Amino acid sequence: MEAAAEPGNLAGVRHIILVLSGKGGVGKSTISTELALALRHAGKKVGILDVDLCGPSIPRMLRVQGKAVHQCDSGWVPVFVDQEQSISLMSVGFLLEKPDEAVVWRGPKKNALIKQFVSDVAWGQLDYLVVDTPPGTSDEHMAVVDALRPYSPLGALVVTTPQAVSVGDVRRELTFCKKVGLRVIGVVENMSGFVCPHCAECTNIFSRGGGEELARHAGVPFLGSVPLDPELTRSLEEGRDFIQGFPESPAFPTLSCIAQKILNEAPVGLS
């Protein structure tokens, strides 16, 4: 009820999307970052809330690591990624004294910070708030869902990779969504094949079709397959805007299509 007691904190946010997966290393932060960039290029104002407290990688992906978080009358001011202030980011990475410092916290302290991120960050007016979560279905996920519930999130974007081991873990995430009453917008299959930059032939390094089969079995939409792409990896390592810089890349059409499907979902969330 803490969030409901302070309606001003997220009152200007129109749509909230949680990016989830029951498996670590599937690329949730990558999908969160590229979704935010694609929505920005669609003319939307976007915030990213990084609640992966033990692995806050998005500040590096957007080349804002080392930036300071300031206070205002309403709480914390998020870090703006661009001069136009069309993307803002809040992450525990901004609160660490050293970038390599480990977050060695027990559940209650993590949960308290998540609730503080939801209640005390002054996002202002946003079209979308993308919430990047850690892997699993534990305390942190319950804390963020409970804290955001008063604001009626648009739903969850569930990320998997094609192989059976990953799909099995991500299936539990879909069960989690059902148990907590969180609508699933759709499933994204990441690292879905490698497209050779020389001959354009696709090699399915990690099997294929697992995400689509998972979505079909669960009765939820399948949003697309994002291939392994050296240009995407390079842009994330260097903090560059992949959506703007690599429109001819194999991953670009799928990422743009996923963003468009998210845009098309918005009226459903308002009904």
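Just above sits the structure.
Residues numbered from 1 in each chain as written. Predicted model: local features only at pLDDT ≥ 70, side-chain atom pairs only at ≥ 80, totals over all residues. Heavy atoms only, no water.

> Just give me the short version of the packing of aromatic side chains, but keep the residues and values in it.
This structure, assessed with the given rule, holds two aromatic pairs. Residues Trp-76 and Phe-117 carry aromatic rings whose centres are separated by 5.7 Å and whose planes lie at 65° to one another, so their mutual orientation is edge-to-face. Placement of the pair is Trp-76 in strand E4 (residues 75–77) and Phe-117 in helix H4 (residues 107–120), with a sequence separation of 41 residues. Pair check on accessibility: Trp-76 and Phe-117 agree, each one buried. (Phe/Tyr/Trp six-rings, centres within 6.5 Å; stacked < 30°, edge-to-face > 60°. Helix = DSSP H or I, 4+ residues; strand = E, 2+ residues; numbered from the N terminus. Buried < 20%, exposed > 50% of the residue type's maximum accessible area, 1.4 Å probe, protein only.)

> Outline the pairing of strand E6 (residues 87–91), supporting the account with residue identities and numerical values.
Of all five residues making up E6, five are buried, and the element is well covered by its neighbours. The two faces of E6 match: Ile-87, Leu-89 and Ser-91 on one face and Ser-88 and Met-90 on the other face are all buried. Alignment of strand E2 (residues 46–50) against E6, held across five bridges, turns out to be parallel. Looking across to E6, one finds that Val-46 is bridged to Ile-87. Looking at chain direction, strand E5 (residues 79–80) and E6 are connected through two bridges and run antiparallel. Across the sheet, Phe-80 pairs through a bridge with Ser-88, a residue of E6. Taken together, E5 and the strand that follows it, E6, pair antiparallel across an intervening segment of six residues, in which Gln-85 is found at a positive phi of about 60°. (Pairing = 2+ DSSP bridges.)

> Describe the pattern of salt bridges, and please don't skip the residues or the numbers.
Counted by the stated rule, this structure contains 13 salt bridges. The partner of Glu-213 in a salt bridge is Arg-216, and the shortest N-O contact between them spans 2.6 Å. With Glu-213 and Arg-216 both in helix H7 (residues 210–218) and three residues apart, this pair spans about one turn of that helix. Residues joined by salt bridges that share partners form a network here, namely Arg-40, Asp-82, Glu-84 and Asp-241. (Salt bridge = Lys/Arg side-chain N within 4 Å of Asp/Glu carboxyl O.)

> Could you give an account of helix H6 (residues 164–180), naming the residues involved and the relevant values?
Between its terminal C-alpha atoms H6 stretches 25 Å, which fits the 24 Å expected from 17 residues at 1.5 Å a residue. For H6, the set of buried residues is Ser-166, Val-167, Asp-169, Val-170, Glu-173, Leu-174, Phe-176, Cys-177 and Val-180. Taken end-on, H6 shows its buried residues confined to a sector of 165°, consistent with a single buried face. Turned more than 90 degrees from where H6 packs its buried face, Ala-164, Val-165, Arg-172, Lys-178 and Lys-179 sit exposed. Close packing links the buried residues of H6 with strand E1 (13–20), helix H5 (139–148), strand E8 (155–160), strand E9 (184–195) and H7. (Expected span 1.5 Å × (residues − 1). Arc of directions from axis to C-beta. Contact = heavy atoms within 4.5 Å.)

> I'd like to hear about unusual backbone geometry, residue by residue, with values.
Residues other than glycine seldom take positive phi values, yet Gln-85 does so here, at roughly 60°. Here Gln-85 lies in the loop between E5 and E6. The class of Gln-85 is partly exposed, set by a relative accessible area of 36%.

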